[in-house]
Amino acid sequence: MAGKKAWSGRFTEPTHPLVEEFNASIGFDRLLYKHDIMGSVAHAKMLGRQKIIPKKDAEAIVRGLFAVEREIDSHKFRFNASDEDIHMAVERRLKEIIGPAGGKLHTARSRNDQVATAFRLFVRDAIGEIVELIRDFQKALYKQANAHLDTIAPAYTHLQPAQPIRLAHWFLAYFEMMERDAQRFYDALARVDVMPLGSAALAGTNFPIDREWVARELGFDSISQNSMDAVADRDFAAEFLFAAALAGTHLSRLAEELVIFTSREFSVMELPDAFCTGSSIMPQKKNPDVPELMRGKTGRLNGYLVTMLTVMKGLPLAYNKDLQEDKEPVFEAFFQLTTMLKLAADMTGALRVDKAKLAARAEDGYMTAVDIADRLVIGGTPFREAHEIVGKLVKYSIAEGKKFGELSKGELKAVDARLMKINAAAITPQKSADGKDTPGGTARRRIAARLKQIEREMKKW
């Protein structure tokens, strides 16, 4: 019967039309078709190898599944309104192509373990693609850092001028953030790469299946050890979404700084026109829409994580229909994050920097104050005293409208006699940056060494 459900034997009346629509996931889970077919092919081969079904039926099923895949690839596949999900759609079409033998595919499995397997295969592929895009973005950051090893710039805390740095250090700060993101996805992969197939509905199966063989066929590292947990587990999806949300948060932080630094008030960087838009009313405007949208879309990524955790928070074992809500957040997070990463790489690579303006800004704001305090400490003054002395020096300099190097010996003595031993004019922003000659510091040789290290690491990617 057309539109007959695979589970309809127990029921005496048809599904309510609104329930039919509410219950269906075919509108979004069709994205899993390749992963569903991959899992089904391995399962069918195993059924034949184990003599659970005739070998000729297993071979026919495999041929039929590949035929279904080609139809979907070429957009010739016709989805029916009665198809609840991609899994039933594929099985329905398989039976149309090869006949009753297609009904043997579902031997020794349930949609519960079938769906969980296809979903894990999707997330595994998604992680691979995301990490590759993170690497592309890191390469763009590395190139900019290499190009700006000798660009002196101001760094900020509380968005107030803090200390001079080399701009390479700023680019590499985001490189390090994204490295943690890549490692976080890699780490999550270990828990994604566990095969639930063979758990059936929740208790396993009566048939002599070979789960280890199927796991090797599908490239899983291991098989699940508890059938109830296997069909109910969506930790891997939540972990994926957390990694995606945090990666998006890092991109949003960069986006915020680009909005600030490319603004008219800062104007030390410029985004190419390709990453900006204009105003419908103000002809002079050049709006940083791409970084602004990156900030905004990070809210979606955070929301997808909350959605998943909320779906999971009160579920009894084992499978519950609530878990149908697990896929859209993952799909959407994947699409949003991959687009954001591609744009981040291209935008960062094309970013233009005003070196002269940055150098001039590094001279402002009394940012060598810490260096003066440190020199007082080297001369024997306790740091807290040195901090207070230099604080008074800054206050005096602001009142007089002078830079440190413009103050006379008499003025220095009036603030504190110990300042007379320090040549404040000789403490340039460059020397300030290079004075931080410790691992992870802003000294040129430390940054250059890190760039060399990154270059070696990139060859392994």
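Sequence order as written defines residue numbering, which begins from 1 separately in each chain. Local features are withheld for residues below a pLDDT of 70 in this predicted model, meaning they are given only at 70 or higher, and side-chain atom pairs are given and counted only at 80 or more; totals for whole chains, interfaces and linings count all residues. Working from all heavy atoms in the structure, the side-chain values ignore hydrogens and water.

**Student:** Could you give me a rundown of the pattern of salt bridges, with the residues and numbers involved?
**Tutor:** The salt bridge definition used is simple: a Lys or Arg side-chain nitrogen within 4 Å of an Asp or Glu carboxyl oxygen. One pass over the structure, following the stated rule, counts 36 salt bridges. Residue Glu71 is joined to Arg93 by a salt bridge in which the shortest nitrogen-to-oxygen separation is 2.8 Å. Taken as a pair, Glu71 in helix α4 (residues 55–73) and Arg93 in helix α5 (residues 86–98) lie far apart in primary sequence, 22 residues in all. Among the residues examined, Arg93 registers a relative accessible area of 21% and is labelled partly exposed. The partner of Arg166 in a salt bridge is Asp434, with the nearest N and O atoms 2.8 Å apart. Here Arg166, found in strand β2 (residues 160–166), pairs with Asp434, found in helix α17 (residues 429–435); they are 268 residues apart in sequence, far enough to count as distant. Arg166 gets classed as buried once you look at its relative accessible area, which sits at 2%. Three or more residues are tied together by salt bridges with common partners; here these are Glu71, Asp83, Arg92, Arg93 and Glu96. By definition, any uninterrupted DSSP run of H or I lasting at least four residues is a helix, any uninterrupted run of E lasting at least two residues is a strand, and each is numbered from the N terminus. The buried label goes to any residue with under 20% of its type's maximum accessible area, the exposed label to any with over 50%, and the partly exposed label to all in between, with areas taken from a 1.4 Å probe on protein chains only.

**Student:** Describe a positive patch on the surface, naming the residues involved and giving the relevant values.
**Tutor:** On the surface, Lys452, Arg456, Lys459 and Lys460 cluster together into a positively charged patch. We classify Arg456 as exposed; its relative accessible area is 51%. Patch rule: a residue counts if its relative accessible area is over 30% and it has no salt bridge; like charges are joined within 9 Å, and nonpolar side chains (Val, Leu, Ile, Met, Phe, Trp, Tyr) within 5 Å. All accessible areas in this document rest on Shrake-Rupley with a 1.4 Å probe, and a residue is counted as covered only by the protein chains that are shown. Charged residues are defined narrowly, with Lys and Arg counted positive, Asp and Glu counted negative, and His plus the chain ends left uncounted. One atom stands in for each charge, and that atom is NZ of Lys, CZ of Arg, CG of Asp or CD of Glu.

**Student:** Now, about the packing of aromatic side chains: what can you tell me, with residues and values included?
**Tutor:** Pairing of aromatic side chains here covers Phe, Tyr and the six-membered ring of Trp, requires ring centres within 6.5 Å, and sorts the geometry by plane angle: under 30 degrees stacked, over 60 edge-to-face, intermediate tilted. Per the counting criterion, the structure on display carries 15 aromatic pairs. Measuring from centroid to centroid gives 4.9 Å for Trp170 and Phe171, while their planes differ by 75°, and the two rings are edge-to-face. Just as Trp170 is buried, Phe171 falls in that class too. Stacked on the ring of Phe79, the Lys or Arg Arg30 has its end atom at 4.0 Å from the ring centre. Working rule: Lys NZ or Arg CZ, within 6 Å of ring centre, within 35 degrees of ring normal, means a charge sits over the ring.

**Student:** Go over the nonpolar core, please, and point to the residues and values.
**Tutor:** To form a nonpolar core, buried Ala, Val, Leu, Ile, Met, Phe, Trp, Tyr and Cys residues must be joined to one another through side-chain atoms within 4.5 Å. One finds Trp170, Phe185 and Phe240 to be the most contacted residues of the largest nonpolar core, which totals 107 residues. Per-element accounting of this core gives the leading share, 15 residues, to helix α10 (residues 235–261). Note on contacts: a residue pair qualifies if any of its non-hydrogen atoms lie within 4.5 Å across the two residues. With sequence-adjacent residues up to four places away left out, Phe185 is seen in contact with Ile127, Ile130, Val131, Ile134, Phe240, Ala243, Ala244, Ala247 and Leu337. Listed in part, the 17 residues of the second largest apolar core include Ala369, Ala386, Val390 and Ile422.

**Student:** Could you give an account of the side chain of Thr298, naming the residues involved and the relevant values?
**Tutor:** Relative to the elements of secondary structure, Thr298 occurs in helix α11 (residues 289–312). For Thr298, a relative accessible area of 5% puts it in the buried group. Beyond its immediate chain neighbours, meaning those up to four positions away, Thr298 contacts Ala245, Gly248, Thr249, Ser252 and Met340.

**Student:** Describe the packing of helix α3 (residues 33–49) against helix α8 (residues 211–218), with residues and values.
**Tutor:** Between N-to-C directions, angles span 0 to 180 degrees; the directions come from axes that are lines fitted to C-alpha atoms, helices contributing only their stretch in contact. Remark: α3 packs on α8, axes separated minimally by 10 Å, with the N-to-C direction vectors making an angle of 140°. Regarding the angle of α3 to α8, the classification is oblique. Considering only the axes of α3 and α8, their crossing is right-handed. For the pair α3 and α8, contact is made by Met38, Gly39, Ala42, Lys45, Met46 and Arg49 and by Trp213, Val214, Glu217 and Leu218, respectively. Three residue categories are used. Nonpolar comprises Ala, Val, Leu, Ile, Met, Phe, Trp, Tyr, Cys and Pro, charged comprises Asp, Glu, Lys and Arg, and polar comprises the others, including Gly. When grouped by side-chain class, the residues that make up the contact of α3 with α8 number six nonpolar, one polar and three charged. Our angle categories are set so that under 35 degrees counts as roughly parallel, over 145 as roughly antiparallel, 65 to 115 as roughly perpendicular, and the remainder as oblique. We call a crossing left-handed when the near helix sits turned anticlockwise from the far one by less than a right angle, and right-handed when that turn is clockwise.

**Student:** Before we move on, could you go through helix α15 (residues 383–400) and cite the residues and values that matter?
**Tutor:** Between its first and last C-alpha, α15 extends 25 Å over 18 residues, near the 26 Å set by a 1.5 Å rise per residue. Ala386, Ile389, Val390, Leu393, Val394 and Ser397 are the residues of α15 that are buried. For α15, the buried positions fall inside an angular range of 145° around the axis, keeping them on one side. Pointing more than 90 degrees away from the buried face of α15 are the exposed residues Arg384, Lys395, Ile398 and Ala399. Against α14 (369–378) and α16 (409–415) lie the buried residues of α15. Gly401 sits one or two residues past α15 and shows a positive phi near 65°. Here a helix's expected span is defined as the number of its residues, less one, multiplied by 1.5 Å. In this description, one arc is meant: the one made by directions from the helix axis to the C-beta atoms.

**Student:** Before we move on, can you summarise the packing of α3 against α5 with the specific residues and values?
**Tutor:** The relative placement of two packed helices is expressed as an angle between their axes plus a distance between the axes. Remark: α3 packs on α5, axes separated minimally by 10 Å, with the N-to-C direction vectors making an angle of 60°. As the angle between them shows, α3 and α5 are arranged oblique. As α3 packs across α5, the resulting crossing turns out to be right-handed. Here α3 contributes Tyr33, Asp36 and Ile37 to the contact with α5, which in turn contributes Ile86, His87 and Val90. Class assignment of the residues belonging to the contact of α3 with α5 gives a composition of four nonpolar, one polar and one charged.

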